[in-house]
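Each chain, written out:
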Amino acid sequence: RFTNGPAQGSSRFTFSHGEVFGWQMEVSGTREEILQNIVPHEVDHLVRATLVRRPIIRWLDEGCACLSESAALRQQLHKQAQSLNPQSISLAWLTAQNYPAARLQQVELYAAGHAFVEYLLQLNSPATLLELQHHADRLPAAFEELYGFPLEALPARWHEHLQSQTK
């Protein structure tokens, strides 16, 4: 739907016995926003679902999808992530499958997810990141195997990396 309101999108699909089906995508916003940001973001979710064939941890799923958005939107997410308090991000947050209820927490989810995914791609290959997405059921152990440090240390390590870049 073309609207003058805020751009947004959602994709729904079902996972069952290693298959993905029942695809539905809804997008709205201006033509430019839909084409530059919303459709690429939502298509990323759909493509990754076919690759992983299981639900993906929320921050990881959204962080990856944000990589396909415009440079301007990614820069906005980067600025939002800079104001995050890494101590406020718990292991429960890092392993959550669902979106947080509050709108502000959802904004933080996108910003932190994008920042963490960018950081993980600096540490290792896209193939390693994709491998991590296959392990939602045992994310902390898989994360440590693939990246060499505990998942709960990710926010602090990312923050240290961010601080070293601004000096």
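Residues numbered from 1 in each chain as written. Predicted model: local features only at pLDDT ≥ 70, side-chain atom pairs only at ≥ 80, totals over all residues. Heavy atoms only, no water.

Novice: Describe helix 1 (residues 31–52), with residues and values.
Specialist: Between its terminal C-alpha atoms helix 1 stretches 30 Å, which fits the 32 Å expected from 22 residues at 1.5 Å a residue. Its maximal kink placed at isoleucine 38, helix 1 deviates by approximately 35°, while the proline proline 40 follows within four residues. The complete set of buried residues in helix 1 reads Ile34, Asn37, Ile38, His41, Glu42, His45, Leu46, Arg48, Ala49 and Val52. In this fold, the buried residues of helix 1 make contact with strand 1 (8–16), strand 2 (19–28), helix 2 (58–66), helix 3 (71–82), helix 5 (103–123) and helix 6 (126–133). Just past helix 1, the residue arginine 53 takes up positive phi, approximately 60°. (Helix = DSSP H or I, 4+ residues; strand = E, 2+ residues; numbered from the N terminus. Expected span 1.5 Å × (residues − 1). Bend = angle between axes of the 7 residues up to and from the residue. Buried < 20%, exposed > 50% of the residue type's maximum accessible area, 1.4 Å probe, protein only. Contact = heavy atoms within 4.5 Å.)

Novice: Please give an account of the packing of helix 2 against helix 5 that cites residues and values.
Specialist: Running from N to C, helix 2 and helix 5 point in directions that differ by 75°, and their axes come no closer than 7 Å. Between helix 2 and helix 5, the interaxial angle falls into the category roughly perpendicular. Judged by residue contacts, Arg58, Trp59, Leu60, Glu62, Gly63, Cys64 and Cys66 of helix 2 engage Leu109, Tyr110, Gly113, His114, Phe116, Val117 and Leu120 from helix 5. When grouped by side-chain class, the residues that make up the contact of helix 2 with helix 5 number nine nonpolar, three polar and two charged. (Axes fitted to C-alpha atoms, helices over the stretch in contact; angles between N-to-C directions. Parallel < 35°, antiparallel > 145°, perpendicular 65-115°, else oblique. Nonpolar A, V, L, I, M, F, W, Y, C, P; charged D, E, K, R; others polar.)

Everything listed is a geometric property; what it means functionally is a separate question.
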